[in-house]
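Listed below are the residues making up each chain.
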Amino acid sequence: MGKLFGTDGIRGIVGQTLTADMAYRIGQAAATILAEEKQGRSEITIGKDTRISSDMLESALIAGICSVGGNVVPLGVIPTPAVAYLTVERNADAGIVISASHNPYEHNGIKIFNGKGYKLPDETEARIEALVLGETAIAEKTGAEIGTMIRGMKEARNRYIDHLCATINDDLSGLRICVDCANGAASATAPELFSRYKAHVDIMHAAPNGVNINHCCGSTHLESLCETVLNDGYDIGVAYDGDADRCLLVDEKGHVIDGDKIMAVCAADMRSQGKLDGNTIVATVMSNLGLHEYCKNEGIQLICTDVGDRHVLEEMVKHGYRIGGEQSGHMIYTEYATTGDGELTSLQFLQILKRSGKRASELVSCCAQYPQVLINVPVSPQRGTKEAIMASERLAAAVRKQEELLGENGRILLRPSGTEALIRVMVEAKTEEMANSYAEELVKVVKSLKIS
């Protein structure tokens, strides 16, 4: 068995690479390590999304935690950021989320937050992993030392919703909003959240059945929301993913508003209120050239990290920045949250939209969006192949040549996939034809490389 923890917890296909037995051992290991660090009985919150496997994994985790003396606070179906928030509020030692985010229902995952609502330190993950993968049994408790479930947490969901509502000062009256819950965790919170505002709000894809999470809906499948917003005359559409930690929007013309545009609008509003600490947005290397140009024109510093909201958050916390995120919709507002929060993001944007008196398309027109082509090039799964390709001087020379031809009219990014045998070739240019042409040239070079 290989390394368990990736950049976003443990992920796998349930019944194959992620089993109930593994979840049991993860629960045991996490509670054991946390108890050692605390020098006392650990308390762990657990939330889940709507996948058919989430109940099974939750039960296994709870059994594992209790078997080694840990107490469990089950939060039920609830967004990932709610688990982080409620873990801190309750002063628990850790929070566990059972979700595979935007992936199909067959997948699931286990992510662990520490008591401050942040990802566990690498050292703690390594200790948990060593116990899970070890061949010896983890010592179990007996008698009164066995852990228990702490019940009566039905109001926790509403406390999280109260927290979200406290982040804006507008009733959103006059707006017509369509909200897509992806048949996921937002189905448990978004209806109540939006019922507290005077906007006209309709909810779609909020009838989870265990296997329809993210299926032709949500932030990764925006077609139905785009069509509904355009045809039924909504001012804006809101789309979450399976665990509601990301948000994308749709303007009144049925066009997608991605994370780059959301950051541009929200950062400008924060600066007008004196809240844009460091005068900085933190994004990733995948952010569109349009965001780079917007920040340059507005005199806002743009810092780009490696791909992954984990890297964005680390940069924000290190330097005290207030807003950051990814093009895909993971948005982090450190004034209000310790992780990406889709519902929080939507409220921040909706408040600005209402206050501006503009149409959504007009509001986001401040940030251009260049055509962006991304091609995944399969390579040999042999160990070291991706690294050798990226180190190729012939590939580097081809990139330099293409960059010289593009000049300031575009940019090129090549990177190896962190989880698959792929090299990702991304090109942005003034026109889609130009972006495709440059990308195809680089794909040819990658395919032609013979790595031994």
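Whatever comes next refers back to the structure up there.
Here's a quick rundown of the structure. (Residues numbered from 1 in each chain as written. Predicted model: local features only at pLDDT ≥ 70, side-chain atom pairs only at ≥ 80, totals over all residues. Heavy atoms only, no water.)

### Here's the deal with the overall build of the chain
Phase 1 of the analysis: For the chain, the helix and strand inventory stands at 15 helices and 17 strands.
Phase 2 of the analysis: Since a compact globule built from 452 residues should have a radius of gyration of about 22 Å, the 23 Å found for the chain is in line with a globular shape.
Phase 3 of the analysis: Expressed as lengths along the three principal axes of its C-alpha atoms, the size of the chain is roughly 70 × 65 × 40 Å.
Phase 4 of the analysis: Across the 452 residues that make up the chain, the buried fraction comes to 56%.
Phase 5 of the analysis: In the chain, the share of contacts with a sequence separation of at least 24, taken over all contacts with a separation of at least 6, comes to 70%.
Phase 6 of the analysis: Summed over its atoms, the accessible surface of the chain is roughly 19,100 Å², and 50% of this surface lies on carbon and sulfur atoms.
Phase 7 of the analysis: The centroid of the 45 positive side-chain charges in the chain is displaced by 2 Å from the centroid of its 60 negative side-chain charges. (Helix = DSSP H or I, 4+ residues; strand = E, 2+ residues; numbered from the N terminus. Rg over C-alpha atoms; globule rule 2.2 N^0.38 Å. Buried < 20%, exposed > 50% of the residue type's maximum accessible area, 1.4 Å probe, protein only. Contact = heavy atoms within 4.5 Å. Areas by Shrake-Rupley, 256 points an atom, 1.4 Å probe, with all protein chains shown as cover. Lys, Arg positive; Asp, Glu negative; His and termini not counted. Charge placed at Lys NZ, Arg CZ, Asp CG, Glu CD.)

### Some details on the packing of helix 5 (residues 156-165) against helix 11 (residues 342-356)
Phase 1 of the analysis: One way to put it is that helix 5 packs onto helix 11 with a least axis distance of 10 Å and a crossing angle of 30 degrees. Judged by the angle between their axes, helix 5 and helix 11 are roughly parallel. Handedness of the crossing formed by helix 5 with helix 11: right-handed. On helix 11, the residues that touch Tyr160, Leu164 and Cys165 of helix 5 are Glu343, Leu344 and Leu347.
Phase 2 of the analysis: The class makeup of the residues in the contact of helix 5 with helix 11 is five nonpolar, no polar and one charged. (Axes fitted to C-alpha atoms, helices over the stretch in contact; angles between N-to-C directions. Parallel < 35°, antiparallel > 145°, perpendicular 65-115°, else oblique. Left-handed = near helix turned anticlockwise from the far one by under 90°. Nonpolar A, V, L, I, M, F, W, Y, C, P; charged D, E, K, R; others polar.)

### Some words on the state of the cysteines
What makes a disulfide is a covalent bond joining the sulfur atoms belonging to two cysteines.
Phase 1 of the analysis: Using the criterion set out here, one finds zero disulfides in the structure.
Phase 2 of the analysis: Distance from the sulfur of Cys217, which forms no disulfide, to the nearest cysteine sulfur (Cys216) is 7.3 Å.
Phase 3 of the analysis: Residue Cys217 is classed as buried on the basis of its relative accessible area of 0%.
Phase 4 of the analysis: Take Cys295: it sits in no disulfide, and the sulfur closest to it among the cysteines is that of Cys367, at 7.4 Å. (Disulfide = S-S within 2.5 Å.)

### Things to note about helix 7 (residues 223-232)
Phase 1 of the analysis: Along helix 7, the residues classified as buried are Ser224, Leu225, Cys226, Thr228 and Val229.
Phase 2 of the analysis: The secondary structure elements touched by the buried residues of helix 7 are strand 6 (176-180), strand 7 (200-204), strand 8 (236-240), strand 9 (247-251) and strand 10 (256-257).
Phase 3 of the analysis: Remark: Gly233 follows helix 7 within two positions and exhibits a positive phi of approximately 70 degrees.

### A closer look at a nonpolar patch on the surface
Phase 1 of the analysis: Together, Ile52, Tyr105 and Val211 give the surface a local cluster of nonpolar side chains, amounting to about 250 Å² of exposed area.
Phase 2 of the analysis: Tracing the backbone shows Ile52 in the loop between strand 2 (43-48) and helix 2 (54-67).
Phase 3 of the analysis: Given the relative accessible area of 55%, Ile52 is considered exposed. (Patch = residues over 30% accessible without salt bridge, like charges linked within 9 Å, V, L, I, M, F, W, Y side chains within 5 Å. Salt bridge = Lys/Arg side-chain N within 4 Å of Asp/Glu carboxyl O.)

### Digging into the environment of Ser392
Phase 1 of the analysis: Tracing the chain through its elements places Ser392 in the loop between helix 13 (385-390) and helix 14 (393-406).
Phase 2 of the analysis: For the pair formed by Ser392 and Glu155, sequence separation is 237 residues and the distance between their alpha carbons is 57 Å.
Phase 3 of the analysis: Within the structure, Ser392 has its side chain in polar contact with the backbone nitrogen of Arg394 (distance 3.2 Å). (Polar contact = N/O pair within 3.5 Å; in protein donor to acceptor, adjacent residues only side chain to side chain.)

### Some thoughts on the pattern of salt bridges
Phase 1 of the analysis: Summed over the entire model, instances satisfying the criterion amount to 26 salt bridges.
Phase 2 of the analysis: For Arg355, the salt bridge goes to Asp269, with nearest N and O atoms at 2.5 Å. Of the two residues, Arg355 is situated in helix 11 and Asp269 in helix 8 (residues 259-272); the sequence distance between them amounts to 86 residues.
Phase 3 of the analysis: For Arg355, a relative accessible area of 46% corresponds to the partly exposed category.
Phase 4 of the analysis: Taking relative accessible area as the criterion, Asp269 reaches 13% and is therefore assigned buried.

### Considerations on the environment of Ile389
Phase 1 of the analysis: Tracing the backbone through its elements, the reader meets Ile389 in helix 13.
Phase 2 of the analysis: For the pair formed by Ile389 and Pro416, sequence separation is 27 residues and the distance between their alpha carbons is 9.0 Å.
Phase 3 of the analysis: Those residues in contact with Ile389 that lie beyond four places of it in its chain are Val379, Leu395, Ile423, Val446, Leu449 and Ile451.

### Regarding the packing of helix 1 (residues 20-38) against helix 4 (residues 122-133)
Phase 1 of the analysis: One way to put it is that helix 1 packs onto helix 4 with a least axis distance of 9 Å and a crossing angle of 130 degrees. In terms of axis orientation, helix 1 runs oblique to helix 4. By crossing handedness, the relation of helix 1 to helix 4 is classed as right-handed. Here Arg25, Ile26, Ala29, Ala30, Thr32, Ile33, Glu36 and Glu37 of helix 1 lie close against helix 4, whose contacting residues are Thr124, Arg127, Ile128, Leu131 and Val132.
Phase 2 of the analysis: The class makeup of the residues in the contact of helix 1 with helix 4 is seven nonpolar, two polar and four charged.

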